[in-house]
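One-letter residues, chain by chain:
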Amino acid sequence: MGDFGFLIGIIMVYWTFGTVSLGGLQELAHHSPDSVTTAMGLLLFCGVLGKSAQMPLHVWLPDAMAGPTPISALIHAATMVAAGVYFLGRTFFLFTGEALHIISWVGVVTALCAAIWAFGQRDIKKILAYSTLSQLGYMVAGFGMGSLYGLHHGDGHGAALYYGIGASMFHLTTHAFFKALLFLGSGSVIHACHHEQDIFEMGGLYKKMPLTTLTFAAGVIAIAGVPFIGAAFFSKDAILYVAKMTNFPAFLILTGTALLTALYMGRLFVIAFLGKPNSKSAEHAHESPWTIVLPLVVLAVCSVAGGYAGLYPERLGVLVQNWVPLAHGSDHTLMLVISAVASVVGLGLAGLVYGFGSKTDRVEDKAPPVYAFAKSKFYFDEIYNAYVAKVQDRLADFVSFLDTLFISGLLVKGTAAVAGLFGIGARRVHTGSVAAYVWWFFFGLLLFGAFAGGFLDGILQK
Amino acid sequence: MTQLPIAFLDGVSACLRSAGTSMSGFHVYLMIFAIALPLIMALALAVSGKLPERMVKACAAIGFLVPGLSSLWLGAVYLASATDGGYMFTVLADLGLSSRFGIYLHLGLNGIALPFYMLAGLVGMAAGFYAIQSGVERLRLFLILLLVMQGGLMGVFSSVDVLFFYFFHEFALIPTFVMIAIWGRTGRKAVALEVTIYLTLGAMITLAGLIALYVFTGATEFSMTGMRAALWGSGFPHQGTLFGLLLIGFGILVSLFPFHTWAPRAYATAPAPVAMLHAGVLKKFGLYGLIQIAYPLLPQGAMEWGPLLLWLALGNLLVIGFVTMAQRDLKLMLGSASVMHMGYAFLGLYAYSTVGIGAAIMMLVAHGLSVALLFLLADVVEKRGGTADMSELGGMGTRTPVLMGLFPAAMMASVGLPGFANFWGELGIFVSLYASPTPWVLYLALLGIIISAVYGLRAVAKVFFGEAKGEIPDGDIKASEKWPALLLLAALFLIGLWPRLISDPVNEGVLQTFPDRAPVITAPAGEISLTE
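Rules behind the numbers
- Residues numbered from 1 in each chain as written.
- Chains lettered and ligands numbered in written order.
- Predicted model: local features only at pLDDT ≥ 70, side-chain atom pairs only at ≥ 80, totals over all residues.
- Heavy atoms only, no water.
- Helix = DSSP H or I, 4+ residues; strand = E, 2+ residues; numbered from the N terminus.
- Rg over C-alpha atoms; globule rule 2.2 N^0.38 Å.
- Contact = heavy atoms within 4.5 Å.
- Areas by Shrake-Rupley, 256 points an atom, 1.4 Å probe, with all protein chains shown as cover.
- Lys, Arg positive; Asp, Glu negative; His and termini not counted.
- Charge placed at Lys NZ, Arg CZ, Asp CG, Glu CD.
- Buried < 20%, exposed > 50% of the residue type's maximum accessible area, 1.4 Å probe, protein only.
- Buried area = accessible area lost by both parts, 1.4 Å probe.
- Salt bridge = Lys/Arg side-chain N within 4 Å of Asp/Glu carboxyl O.
- Polar contact = N/O pair within 3.5 Å; in protein donor to acceptor, adjacent residues only side chain to side chain.
- Expected span 1.5 Å × (residues − 1).
- Patch = residues over 30% accessible without salt bridge, like charges linked within 9 Å, V, L, I, M, F, W, Y side chains within 5 Å.
- Phe/Tyr/Trp six-rings, centres within 6.5 Å; stacked < 30°, edge-to-face > 60°.
- Domains from an automatic or database assignment.

Student: Would you explain the overall build of chain B in this entry?
Tutor: Within chain B one finds 21 helices and two strands. Computed over its C-alpha atoms, the radius of gyration of chain B comes to 22 Å, within 12% of the 24 Å expected for a compact globule of 532 residues. Within chain B, residue pairs in contact and separated by at least 24 positions form 82% of the contacts whose partners lie at least 6 positions apart. Accessible surface computed for chain B: about 18500 Å², of which carbon and sulfur atoms make up 69%. Computed over 26 positive and 26 negative side-chain charges, the separation of the two mean positions in chain B equals 9 Å.

Student: What should I look at first to understand the overall build of chain A in this one?
Tutor: For chain A, the count of helices and strands is 22 helices and zero strands. The C-alpha radius of gyration computed for chain A amounts to 34 Å, which surpasses the reference 23 Å derived for 462 residues by more than 25%, pointing to a less compact arrangement than a globule. Along the first, second and third principal axes, the C-alpha atoms of chain A reach 120 × 65 × 40 Å. Per-residue burial over chain A gives 50% buried out of 462 residues. Across chain A, the fraction of contacts at a sequence separation of at least 24, relative to all contacts at a separation of at least 6, is 81%.

Student: Help me understand the interface of chain A and chain B in this model?
Tutor: It is common to give the size of an interface as the accessible area that goes away when the parts come together. Residue-level contacts link 25 residues of chain A with 35 residues of chain B. Interface area for chain A against chain B, summed over the two sides, is near 2600 Å², with a carbon-plus-sulfur share of 74%. On the chain A side of the contact with chain B, Phe4, Ile11 and Trp15 of chain A bury the most area, a combined 24% of that side's loss. Seen at the junction of chain A and chain B, the total is one salt bridge. At the junction of chain A and chain B, the tally comes to one residue pair in polar contact (both at pLDDT 80 or more). Those elements that place two or more of their residues in the side of chain A that touches chain B are α1 (2-17) and α20 (380-429) of chain A.

Student: When you look at helix α11 (residues 210-224) of chain A in this model, what are you seeing that I'm missing?
Tutor: Three or four residues apart is the spacing at which side chains of an α-helix point the same way, because the helix has 3.6 residues per turn. All names here are of chain A. The terminal C-alpha atoms of α11, which comprises 15 residues, lie 21 Å apart, in line with the 21 Å expected from a rise of 1.5 Å per residue. Most of α11 is tucked away: eleven of the 15 residues are buried. Every buried residue belonging to α11 is among Thr212, Thr213, Thr215, Phe216, Ala217, Ala218, Gly219, Val220, Ala222, Ile223 and Ala224, and all of these are buried. Trailing α11 by a residue or two, glycine 225 shows a phi angle of about 80°, which is positive.

Student: Help me understand a nonpolar patch on the surface in this model?
Tutor: A surface patch of nonpolar side chains, amounting to about 470 Å² of accessible area, comprises Val337, Val341, Val345, Leu349, Leu352 and Val353 of chain A. As for its placement among the helices and strands, valine 337 of chain A is situated in helix α17 (residues 330-354).

Student: What am I meant to see in the packing of aromatic side chains here?
Tutor: By convention here, two paired aromatic rings are described through the distance between centres and the angle between planes. According to the stated counting rule, one finds 34 aromatic pairs over all chains in the structure shown. Summarising the aromatic geometry, the rings of tyrosine 14 of chain A and tryptophan 15 of chain A are spaced 5.2 Å apart at their centres and angled 65° between planes, so their arrangement reads as edge-to-face. Between the aromatic rings of phenylalanine 164 of chain B and phenylalanine 168 of chain B, the centroid separation amounts to 6.1 Å while the plane-to-plane angle is 40°, which identifies the pairing as tilted. Taken together, the positions of phenylalanine 164 of chain B and phenylalanine 168 of chain B, both in helix α7 (residues 162-183) and four residues apart, correspond to about one turn of that helix. Relative accessible area serves as the criterion here: at 11%, phenylalanine 164 of chain B is assigned to the buried category. Owing to a relative accessible area of 7%, phenylalanine 168 of chain B belongs among the buried residues under this scheme.

Student: Mind showing me how you'd approach the domain arrangement of chain A here?
Tutor: All names here are of chain A. Per the domain assignment, the segments making up chain A are domain 1 (64-93 + 117-131 + 140-374), domain 2 (376-424) and domain 3 (431-462). The interface is formed by six residues belonging to domain 1 together with four residues belonging to domain 2. Interface area, domain 1 with domain 2, both sides summed: about 450 Å², of which 59% is carbon and sulfur. Looking at the side of domain 1 facing domain 2, the largest losses of area belong to Trp117, Tyr130 and Phe373, adding up to 75% of the total buried there. The interface formed by domain 1 and domain 2 holds zero salt bridges in total. At the boundary of domain 1 with domain 2, the tally comes to zero residue pairs in polar contact (both at pLDDT 80 or more).

Student: Mind showing me how you'd approach the pattern of salt bridges here?
Tutor: If the charged atoms of two oppositely charged side chains come close together, the side chains can form a pair. All names here are of chain B. A full pass over the atoms with the stated rule returns ten salt bridges over all chains. Close ionic contact of glutamate 382 with arginine 185 constitutes a salt bridge, the shortest N to O distance being 3.1 Å. Taken together, the residues glutamate 382 in helix α16 (residues 354-385) and arginine 185 in the loop between α7 and α8 (188-217) connect sequence positions 197 residues apart. Under the relative-accessibility criterion, glutamate 382 is labelled buried at 19%. A residue is classified by how much of its surface remains accessible, and arginine 185, at 24% relative accessible area, is partly exposed.

Here it is as structure tokens:
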């Protein structure tokens, strides 16, 4: 579905600029900014909807969790879903202001909704999948608003043009570290618990698997954006800052989402790792071999340190330092306080709400409507399934029926039947009775006589 | 990146050019042999007494191998020589019909004919080897008929003379009817009858149109080049009527909506090698005829019929697309899908630009390879699972892992995944539609991608995933079934990665054939061309 619009967009770009080479496009778009249209940008953005799983084309990503965990880590953390955001970064010059507005809102809504849905999940990988959706929403929103900020409020220097890229790509990079860490950590847990994926069947793993717990905690801290030791603190900060400068409602939503992020990740952590073992498989769990733990340690270090621009290699460092929009002055303090509060309050609330270890979801027990609201996933799956079963398949059956009835039946068989009727009629004439043939003979003779006598001239001449 | 292969080809072409004219005699013989050898082998098998089975198989193998390899060799020579898309390897033999009717045995390949010719050789090889190993009853008769078909196919796409073009088509068509009637699955008699009547009707209308065209052009030679030369720069009357006759006649043969109902049933019923050769190669006769004859000679008629053709092509694409989704039988589904994909090719013709027509040719070649591959694999599925009903198949993936690798790959190729030849054809057609007078068609045409992805992925899911149903006593795909499949898949892949193999001769051929008649669409300033 996403590629549907994407392809139209590419073809539109081709016929507008005569090239689809990114370098050539940038130059052409720079020289003739009028030929860049909103429709073109939005059509191209359709590809991002599909590839980076933005609403409403997000349903495939949690379903793809059926694959093996290392594949999830690769696909969700760094490579495939990053394609959409990366694509935005490479084609930022093809988006108009209106297109960027819409893109920002799609990202904001995705970030919020996915964070809410994460509360309704019990499967550790599903929770991480929804958190990926939410973080992708941040990136897309960051691109949209960062580019808008660069367009309208650019503070004079050339790098403002690239604020959208800086904000989204920085978060993409830090997200790659901590999401890969979280997925591989969940893989380690699932491996230890004999393929148990339900977090309420885990619990108490901190005693059995200290290293996995520690590294997982680093991942949770990173995604929650705890000041100075969480990578997302820095990268999310940049996105929140551009949101504050361009789109205040979006800023409020994204800040709330940051709190929700800390909350659902805290929920996952306290239930799966703290408390007492809730099942036999959790009781028998033991630390995974070093082949599994070593990557976790490496990624944990990166997750903690990934927010510091100085740690990047020189050329990348230039990008992170110059292109990432950073707050300054009073805003700087404000952003710092907001991030710190959101992350710490979120994590603290998780401990309060869910306790330290629990066999059941306390929100489900105490406030079923809230849980049901999160679990419903706003009925996207149901709507799509109903569309396929009720509309698409029925339409296919109906068209097929019409095809059989009218074209194959009425037209083709009908023609054959008409030919057959002629045959039957002609056969009826050949009765084999001499008497009948004599009558036909007389009839023919009569006709001949009439013609010869000129009685038929009036009819024939018409 | 592409420097290496081109440099390599340049080397080959230098060698060939240095060989000079002494080679051309050889090539001419090769052209004739590619047609004659299958027929000679068929005749030999027919008249010889009792032969050991291995002998029969060996004779048939030669009959398929020689045309296949010749087509590849001639293709390589054509690509390597610096042509402008015009005719090469021409043969002109007077069979005694020239003085009164202007009819010669006139063979040759231009840039448009070449891809189809190579397609016929390749699919012929694959279908032939699959047939030889398939173990049908009365193998000898089966192979004789299939050889006759192959001889006809090689003739169709190398004929410059229009009468022989038509004649060879009939040559290939008649065995189809007989083979469906004898070796088809349930309901074969009725289907054979329907196909015979329907296709003969189409062929008759086509013949009437071709003869009328010959008379009105006033050409002295009944050949594609002769009629084109006679018309150079002059318009002539009755274009609309003539084009209509050719469009309907050729259209019936390519299952243009609403003349399509024969196709799915015929392909589902026919034995696999016949379905491969007919759906893969012979069916392309209709569109090939439109591209080589009707469109370049009758541009005015093409304009008049354009709007109607648009709706019919959309009928192919969308109506038959939905019909395909509703199919339960794997082979019926493939048959419908093949009808549906013809809609893309017609849309490329409708766009009536060099991009559109060139992409339609690319699409037809890719479709020929992929549909032949799919019919082969579907036949293997049917043999292993005992049925082609998808609701009774399931979970074959774990039990037939190699087949599980091949079938989805073939399906993805047919859906138009980048990396396979089909992608370039479809992309080019979409690009051309955007620049046509009615760019909104692009949006409807793109729905076709979604439709084909839905039925393609569903078929893969139903057959290979889910709970295991039924017994599979014979196990995975055998080597004798695997090699023809790999041959076709490799060709799809090669063209997918290096489309210039096909697009270069096609671009030049189209520019040659449509000299300033078609509104040539050149890409606006920029370095990208369709295939780079």
